Amino acid sequence: MNERLVQWTLLREWSYLQSCLRFPLLRRYGENIRTEHGILDFAVLTEDPKHPLLVVELETSIDSRSKLRFIGEQLKRYKQVVFHSLPSMLVLLYADDATPTWLVQEVRKQCHNLNVIPRTYSLQKVQLLYQEMLTELTKAVGIPLGPTCAMDVCYLRWMNSLIKPFVELGENELPVSLFFDPHNGNGVFKSRTTYSVRKRLCEDFELVEETPKQTLILTKYGERFAEAMIPDILSGYSQTPTLSLEQKRILLEVLTNGVIRPCKANIYYFLRFVYLTEGAWVPKPTAPEPCSESEPSFGYWQLAAALFGKRYAWRTLTDFLSFTCNQCEELGLVERIKLEGTHNRVVLTPIGSRILDLMEIDLHLKRERIHIPMQVTE
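Overview of the structure. As the structure is a computational prediction, the values presented were derived from the model and not from experiment.

Thresholds, definitions, all that
Residue indices follow the written sequence of each chain, beginning from 1 at its first position. Since the coordinates come from a predicted model, pLDDT governs what is reported: local features require at least 70, and pairs of side-chain atoms require 80 or more to be given and counted, while whole-chain, interface and lining totals use all residues. To get the side-chain values, take all heavy atoms of the structure and skip hydrogens and water. Pairing of aromatic side chains here covers Phe, Tyr and the six-membered ring of Trp, requires ring centres within 6.5 Å, and sorts the geometry by plane angle: under 30 degrees stacked, over 60 edge-to-face, intermediate tilted. We count a stretch as a helix when DSSP gives it H or I for four or more residues in a row; a strand needs E for two or more, and each element gets its number in order from the N terminus. When accessible area is computed with a 1.4 Å probe and restricted to protein chains, residues below 20% of their type maximum are described as buried, those above 50% as exposed, and intermediate ones as partly exposed. Throughout this description, the term charge over a ring refers to an Arg CZ or Lys NZ atom that lies within 6 Å of the ring centre and within 35 degrees of the ring normal. For two strands to be treated as a pair, DSSP must find at least two bridges joining them. A clockwise course of the path from the first strand over the helix to the second, judged with the strands pointing away from the viewer, identifies a crossover as right-handed.

## Some remarks on the packing of aromatic side chains
In this description, an aromatic ring pair is defined by two values, namely the gap between the centres and the angle between the planes.
Alright, step 1. Per the stated rule, a full pass over the model turns up 13 aromatic pairs.
Alright, step 2. Consider the rings of Trp 301 and Trp 314, whose centres lie 5.2 Å apart with planes at 70 degrees: the pair is edge-to-face. One end of the pair, Trp 301, is in helix 13 (residues 296–308); the other, Trp 314, is in helix 14 (residues 314–330), and 13 residues separate them in sequence.
Alright, step 3. A relative accessible area of 16% means that Trp 301 is categorised as buried.
Alright, step 4. On the accessibility criterion, Trp 314 (3% relative accessible area) is buried.
Alright, step 5. Just above the ring of Tyr 155 sits the side chain of Arg 157; from NZ or CZ to the centre is 3.9 Å.

Structure representation (structure tokens):
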């Protein structure tokens, strides 16, 4: 279990963190605080008038003297950080069950010499808390959503490429062969995969249905979606027009109608992931696969896999998160903060937070409708 995942767990299991630090805690002050002397793991406010602010250097294990010396150099730098509003005290918080007993005395001695408070936690306990939290999160969202669907769909506006022929021909029902004909290749889509992906996206957002007669028919949502398409004269005769304002409203209406299908589940799980991680990590498609568990991206990979309920390969996961982020941006649910390096930050917009809350409430109500009758006993 890497350090970032331990930190994420501790800052959410407040009572356990308080028992480890042995201070009456008030609230979190900051996390991953960048300073000229390095990045501080996190800081918390306390009710102790002598130590109102604790700056915590978190370590998973101290298993060698070279590691101890490295930590000592870190602590010396961090001692130079000044918080002008509050007097602060530096704390070294390390895993006692991952640190050899023969080094414990040296750790305490070094902390004493540097005027740093040594505190410990159990890595095994944190792992259990992490698993319990994931279990509770699964329960909290209500009934199971069903599987996510990692599809090669970068943008929701791609649905317009399938809806456009309905608009151009003024029809609500068209033969499948118009979109893809494997015999002569004269369809709108030359590739079966391209056609299948576009159709699946439209089906999951309840815009079209395929009939037994090998035709595609617009649903009520689909008819409204087609009517709201930006005219060619305004879209620059694009093969795939961008989503109009009304189309976005229709997609949000469908997204929140209580019918969960895989492409909708993708958006829900992504919003949930951003909420849980505070948007700290959305990988770029070119992000390299982590080589070891010590890399922060490995912990986020584990969390995403546990949340989505699938063991996605690294490249599949990065594409999944990046593409779903694009879709959420199109609907105004998130804002992406582009950073240098391998990942970006993402924040939920006010409407994104409301969508997430609404979907969770809806799932909770569905669960209660199932569970309440089961509570009746003789």
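The structure having been displayed, the exposition proceeds.
## Some details on the pairing of strand 3 (residues 53–59)
Alright, step 1. The element strand 3 is largely enclosed, with a buried count of seven among its seven residues.
Alright, step 2. Of the two faces of strand 3, the one carrying Leu 53, Val 55, Glu 57 and Glu 59 and the one carrying Leu 54, Val 56 and Leu 58 are both buried.
Alright, step 3. As defined by bridge partners, strand 2 (residues 38–46) adjoins strand 3 across four bridges and the pair is classed as antiparallel. Its bridge partner lying in strand 3, Val 44 is registered against Leu 54.
Alright, step 4. Counted between consecutive antiparallel strands, the loop separating strand 2 from strand 3 contains six residues.
Alright, step 5. As paired strands, strand 3 and strand 4 (residues 88–95) are joined by seven bridges and run parallel to one another. From the neighbouring strand, Glu 59 faces strand 4, where its bridge partner is Tyr 94.
Alright, step 6. Of the crossover connections in this fold, the one passing from strand 3 over helix 3 (residues 65–78) to the parallel strand 4 is right-handed.

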